[in-house]
Structures are given as structure tokens and as C-alpha cells.
Amino acid sequence: MNSPTVLIAGGRTGLLGQALVQVMQGEGLKALAPGRKELDLFDARQVEDTIRKNNIDLVANAVAYTGVDQAEEDQDEAYRLNRDLPGILGQVCRENNVGLVHYSTDYVFDGKKNTPYSTDDTPRPLCVYGRSKLAGEELLMQSPWDGLLILRSAWLFGPFKTNFVSKMIQMAESGRPLSVIHDQTGSPTCTLDLARYSLELVKKQTSGLFHVVNKGQASWCELASEALMCAGLSSRVNPVSSGEYPQKARRPSYSVLDTSKFSMVTGITPRPWVHALREYVFQVHE
Ligand SMILES: NC(=O)c1ccc[n+]([C@@H]2O[C@H](COP(=O)([O-])OP(=O)(O)OC[C@H]3O[C@@H](n4cnc5c(N)ncnc54)[C@H](OP(=O)(O)O)[C@@H]3O)[C@@H](O)[C@H]2O)c1
């Protein structure tokens, strides 16, 4: 029997996309990760041809407009990528009876809670990025099918591409002082773990909305401090409030995600983010 083939949108250059390629290949799946020039994801006919010619069994969509602050001034492009594209991919996958794993974000929530957000909590995004990602989820949920998975994740770090953790380490190594926000709390998550957990959900042949993050919570300041400690750097990390570090987009002050639905379906408790961080920093930065 041929091994399943996955089309990974964003798999050529994306932070999560490249982790998905590595994990899927490691599990013996065939991963196809065409770059922008090879496949126009907005062209439904091209996507359908690619699916048919390569006998694609599953599409993973890790393409997004992820510039949270830039999105405030680039609303049309943010909605094109975060709402329209999932709509196009959803329709093609549904019509061709192919599974779709689509990724979303903790920034769909407003942060007014102080206990982890479950998939039953009502989203109320505070910024264009969050609103456009929610619009993508809603478009997909208008015509759900058995093969549709929407996975909300958060605060990603991992190999292959610059991310918050690698930036903090790079800044500390270059001797630059670090001032990092302490009054936003979330669920730091390793891209490789998210990729592995995504595959577990696919194997269960389940569908619907899930929260998939590593266990535990942290502020940006705590995440930076822990990362520097793992890298053996002793630079000081100065905690600053969101008010002292103004950003264009409003972010939730609390967006920890509750993964109990994921654990119930897969039987897996995500490992603590600190373990995943250590492994990542030791492997990449030693
Ligand atoms: N990063 C986080 O902390 C975080 C947190 C929560 C949720 N998420 C979600 O996780 C998913 C993956 O995020 P990520 O951080 O891995 O994203 P990323 O590193 O910014 O990668 C985005 C990918 O989309 C591609 N892309 C952008 N515009 C495109 C276009 N017009 N046509 C084709 N491809 C295009 C990029 O290709 P180019 O390199 O060619 O531009 C890149 O491969 C997203 O759905 C995001 O909302 C991320």
C-alpha cells in the first residue's frame, strides 16, 4: 500500500509548515510542500489538479498572514490569507473528499478570562489578525465535513525559522538589553509537538475544533527568561507592561488554551512547554 501523501501549504518556508514536513516525513508519510511559485493556493483549479495528480490524502494549511501588528494597516491582505484562503482550500478539499487540517490562534479570544479557554468559549478578538483568523474558522465551519480539523494553537517556537525564542537568544548574545512584556500570559508551544499532536488527531479520524498547545502557561517575560537560562546566557530580562511597550495591535492579556478535548480524543497529555523549550534550545543553540 502507498504511504499517505500530505500537501503542506506553508511547508516550504513557514515556521509551523516546515515542522509539519519534518514530522510527517519522519512518520513515513509523503509530504509535498510547493513554494509560492510552484502552486498558486488561491487558484482552486490548480490546487485541485495538484490533489488529483499526486493522490493527496490530506491538506495541512499553515499559510497565514501572521504579522499581528502589520495586519492593523494591511487588513485586506490579512483577510485574503486568513479568511479567503481557508475558504478556497476548504471547498476544494470537501469536493474532493480530502481531509484538511487548518491552523488558528489563541488571539481569537479577548483575554477577559483568568482560566484556560476551552473550545466552547466564545471568541471575541481584539485585533485585525484575530478577527481575520476567526473569519477563516467561521467560513470553514459554515460547511463542515468529516475530514475538517481546525486546530487553535499559540506562541509558537521551534527550528527552521526565526521566532520569539530565537530572537531573544540572539539579542542576549549580541549584548542588547532585553525588555519583555510581563502582563500577557499564554501557552508557549513547540511547532514539532504541535505537528505530532496534529497527526495524532488525524489518525483518530476525528473532526471539528481543537485547542492544541503544550502544557503550562507563561508570560512573554517568563518565556524569554527560561529560554536564556536554557541557552546558558545570564542577561537580565527587564519586565515591562503592555502600556510601556505600545504595539499597534491589541493582544489578549490572558489566552491560555485548555486542551482537554484534545486529550479526551487522543489520550495524550501535551508535554510541558518548558521540556519542549529545553529540547529546542539545546538542539539549535548549543
Ligand atoms: N507563530 C505563532 O506564534 C502562531 C500562534 C498561534 C497560531 N499560529 C498559526 O499557525 C499557523 C502557522 O503560523 P507560522 O507562524 O508558522 O506562520 P509563518 O512562519 O509566518 O509562515 C506563513 C507561511 O505562509 C506563507 N505565505 C504567506 N503569504 C503567502 C501568500 N500570499 N501565498 C502563499 N503563501 C504565503 C509564507 O510563505 P513566504 O515565506 O513565501 O512568505 C509562509 O510559508 C498560522 O495559521 C498561524 O495563524 C501561529
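These figures come from a predicted structure and were not determined experimentally.

Engineer: Any details on the UniProt feature "domain: RmlD-like substrate binding" (unreviewed entry) in the protein chain? Residues and values, ideally.
Structural biologist: Taking the UniProt record as the reference, the feature "domain: RmlD-like substrate binding" (unreviewed entry) is found at residues 7-283. Here residues 7-283 is 40% helix and 16% strand, with 27 Å between the C-alpha atoms at its ends.

Engineer: Which residues make up the nonpolar core, and what values go with them?
Structural biologist: Counting 96 residues, the largest nonpolar core has Leu 20, Val 165 and Leu 277 as its most contacted members. Each residue touching Leu 277, except ones within four places of it in the same chain, is listed here: Phe 157, Val 165, Leu 223, Glu 226, Ala 227 and Cys 230.

Engineer: Run through the side chain of Asp 106, naming residues and quoting values.
Structural biologist: Structurally, Asp 106 is set in the loop between strand E4 (99-105) and helix H4 (128-142). No salt bridge is formed by the buried Asp 106. Its closest oppositely charged neighbour is Arg 152, at 8.8 Å. Those residues in contact with Asp 106 that sit more than four places away from it in its chain are Ser 153, Ala 154, Trp 155, Pro 252, Ser 255 and Leu 257.

Engineer: Summarise the sheet that holds E4; cite the residues concerned and give the values.
Structural biologist: Taken together, six strands build an open sheet; the order of strands is E2-E1-E3-E4-E5-E10 and the sheet is parallel. What marks the edges here is a single partner per strand, and that holds for strand E2 (30-32) and strand E10 (208-211). Averaged over all pairs of adjacent strands, the angle between strand axes in this sheet comes to 20 degrees, irrespective of strand direction. Relative to E2, strand E1 (residues 5-9) is paired through three bridges, and the arrangement is parallel. What sits directly across from Leu 7, in E2, is Leu 32.

Engineer: Describe the site of the ligand, naming the residues involved and giving the relevant values.
Structural biologist: Near the ligand you find 22 residues, and of these Thr 13, Arg 36, Thr 66, Tyr 129 and Lys 133 are the closest. At a separation of 2.9 Å, an oxygen atom of the ligand approaches a polar backbone atom of Leu 15. Within the side chain of Thr 66, a nitrogen or oxygen atom sits 2.7 Å from an oxygen atom of the ligand. Protein contacts shield 80% of the accessible area of the ligand, which totals 900 Å² for the unbound molecule. Where the shell around the ligand is concerned, the elements lending two or more residues are helix H1 (15-26), helix H3 (75-95), E4 and H4. By residue number, the principal contributor to the shell around the ligand is E4, which donates three residues.

Engineer: Give a description of helix H2 (residues 44-53) that names residues and reports values.
Structural biologist: Within the sequence span of H2, burial applies to Val 47, Glu 48, Thr 50 and Ile 51. Down the axis of H2, the buried side of the element spans an arc of 160 degrees, and every buried residue falls inside it. Counted as exposed and oriented over 90 degrees from the buried face of H2: Arg 45, Arg 52 and Lys 53. Measuring from the backbone nitrogen of Arg 45 back to the side-chain oxygen at the start of H2 gives 3.1 Å, which picks out Asp 43 as the cap.

Engineer: Could you give an account of the packing of aromatic side chains, naming the residues involved and the relevant values?
Structural biologist: Per the counting criterion, the structure on display carries seven aromatic pairs. Note on Tyr 107 and Tyr 129: the rings are 6.2 Å apart at their centroids and 85 degrees apart in plane angle, and the pair reads as edge-to-face. Taken together, the positions of Tyr 107 in the loop between E4 and H4 and Tyr 129 in helix H4 put the pair 22 residues apart, joining distant regions of the chain. Of the two residues, Tyr 107 and Tyr 129, both sit in the buried class. Look at Tyr 117 and Tyr 254: their rings are 6.4 Å apart centre to centre, the planes differ by 40 degrees, and that puts the pair in the tilted class.

Engineer: Could you give an account of the environment of Asn 238, with specific residues and numbers?
Structural biologist: As for its placement among the helices and strands, Asn 238 is situated in strand E12 (residues 237-240). Classification of Asn 238 as partly exposed rests on a relative accessible area of 25%. Counting along the chain gives 34 residues from Asn 238 to Lys 204, while the straight-line C-alpha distance between them is 44 Å. Ignoring any residue separated from it by four or fewer positions in sequence, one finds Asn 238 in contact with Leu 178, Ser 179 and Val 180. Side-chain polar atoms of Asn 238 contact the side chain of Arg 236, separated by 2.7 Å.

Parameters and conventions
- Residues numbered from 1 in each chain as written.
- Predicted model: local features only at pLDDT ≥ 70, side-chain atom pairs only at ≥ 80, totals over all residues.
- Heavy atoms only, no water.
- UniProt positions renumbered as here; feature names shortened; annotations may be inferred.
- Helix = DSSP H or I, 4+ residues; strand = E, 2+ residues; numbered from the N terminus.
- Core = buried A, V, L, I, M, F, W, Y, C linked by side-chain atoms within 4.5 Å.
- Buried < 20%, exposed > 50% of the residue type's maximum accessible area, 1.4 Å probe, protein only.
- Contact = heavy atoms within 4.5 Å.
- Lys, Arg positive; Asp, Glu negative; His and termini not counted.
- Salt bridge = Lys/Arg side-chain N within 4 Å of Asp/Glu carboxyl O.
- Pairing = 2+ DSSP bridges.
- Axes fitted to C-alpha atoms, helices over the stretch in contact; angles between N-to-C directions.
- Near = heavy atom within 4 Å.
- Polar contact = N/O pair within 3.5 Å; in protein donor to acceptor, adjacent residues only side chain to side chain.
- Areas by Shrake-Rupley, 256 points an atom, 1.4 Å probe, with all protein chains shown as cover.
- Arc of directions from axis to C-beta.
- Phe/Tyr/Trp six-rings, centres within 6.5 Å; stacked < 30°, edge-to-face > 60°.

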